[in-house]
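Working through the structure, step by step
Read off the chains here:
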Amino acid sequence: MRGYSKDRFEFYCYMSVRDLGDPIQEIMKSAVDHFNFVDNHNSWEISEAIRRDQIDILFDLNGFTEGSMIDCLAFKPAPVIASWLGYPFTCGLSAIDHVVLDRFVVPEDGKYLTEEPIIMPEAWVCFGKFAEVEIEPGLPMDRHGRLTFGTL
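Residues numbered from 1 in each chain as written. Predicted model: local features only at pLDDT ≥ 70, side-chain atom pairs only at ≥ 80, totals over all residues. Heavy atoms only, no water.

As a further point, take the side chain of Ser-43. Topologically, Ser-43 is positioned in helix H2 (residues 43-52). The contacts of Ser-43, once residues within four sequence positions are left out, are Asp-71, Cys-72 and Phe-75. (Helix = DSSP H or I, 4+ residues; strand = E, 2+ residues; numbered from the N terminus. Contact = heavy atoms within 4.5 Å.)

This is how it looks when you write it as structure tokens:
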């Protein structure tokens, strides 16, 4: 959301997880025109807030992750709804018009998608530059005294 034309677009964010001091939320707050915590509202109230703000295109960035507001999308609070980032597959909800994917994650058979796919030319997800973090020697088990699982 950084670097968009503020003369041409207006960004609203509706955040369902209040984590004051979280660096990502701080980045989001500073990057958009309107930032709203909706953690104390039900799905209908969130949907109505989106409708009142006259959102033209609504991107759901959560999918089924923590703080998901996918149920409020069933009320179709914006004329166009797209799913991106939080879940790279179909949400199975007909109110969602599009899902952002790439050639690596799009199913070969379109019947497995409820949404119309928007295929990105490279990768479906992008991140900024990560800070350099030195890898500690040895095993996490030895350092912390517990078994550590990871996924990539």
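When you line up the elements, Thr-90 lands in the loop between strand E4 (80-83) and strand E5 (98-102). Along the backbone, Thr-90 and Phe-11 are 79 residues apart, and their C-alpha atoms lie at a distance of 24 Å. Contacts of Thr-90, omitting those with residues within four sequence positions, involve Phe-64, Tyr-112, Leu-113, Thr-114 and Glu-115. Within the local environment of Thr-90, its side chain forms a polar contact with the backbone nitrogen of Gly-92, the two atoms lying 3.1 Å apart. (Polar contact = N/O pair within 3.5 Å; in protein donor to acceptor, adjacent residues only side chain to side chain.)

One open sheet holds the four strands; their spatial order is E3-E4-E5-E6, and the pairing between them is parallel. If you trace the sheet from one side to the other, it starts and ends with strand E3 (57-60) and strand E6 (116-120), each paired once. When the angles between neighbouring strand axes are averaged without regard to direction, this sheet yields 30°. Both E5 and E6 contribute to a ladder of five bridges, which runs parallel. By the bridge assignment, Asp-102 is partnered in E6 with Met-120. (Pairing = 2+ DSSP bridges. Axes fitted to C-alpha atoms, helices over the stretch in contact; angles between N-to-C directions.)

So, about the side chain of Gln-25. With respect to the helices, strands and loops of the structure, Gln-25 is situated in helix H1 (residues 23-31). Once residues lying within four places of it in the same chain are set aside, the contact partners of Gln-25 are Met-15, Val-17, Arg-18, Asp-19, Leu-20, Phe-35 and Phe-37.

Shape descriptors only; they carry no functional weight alone.
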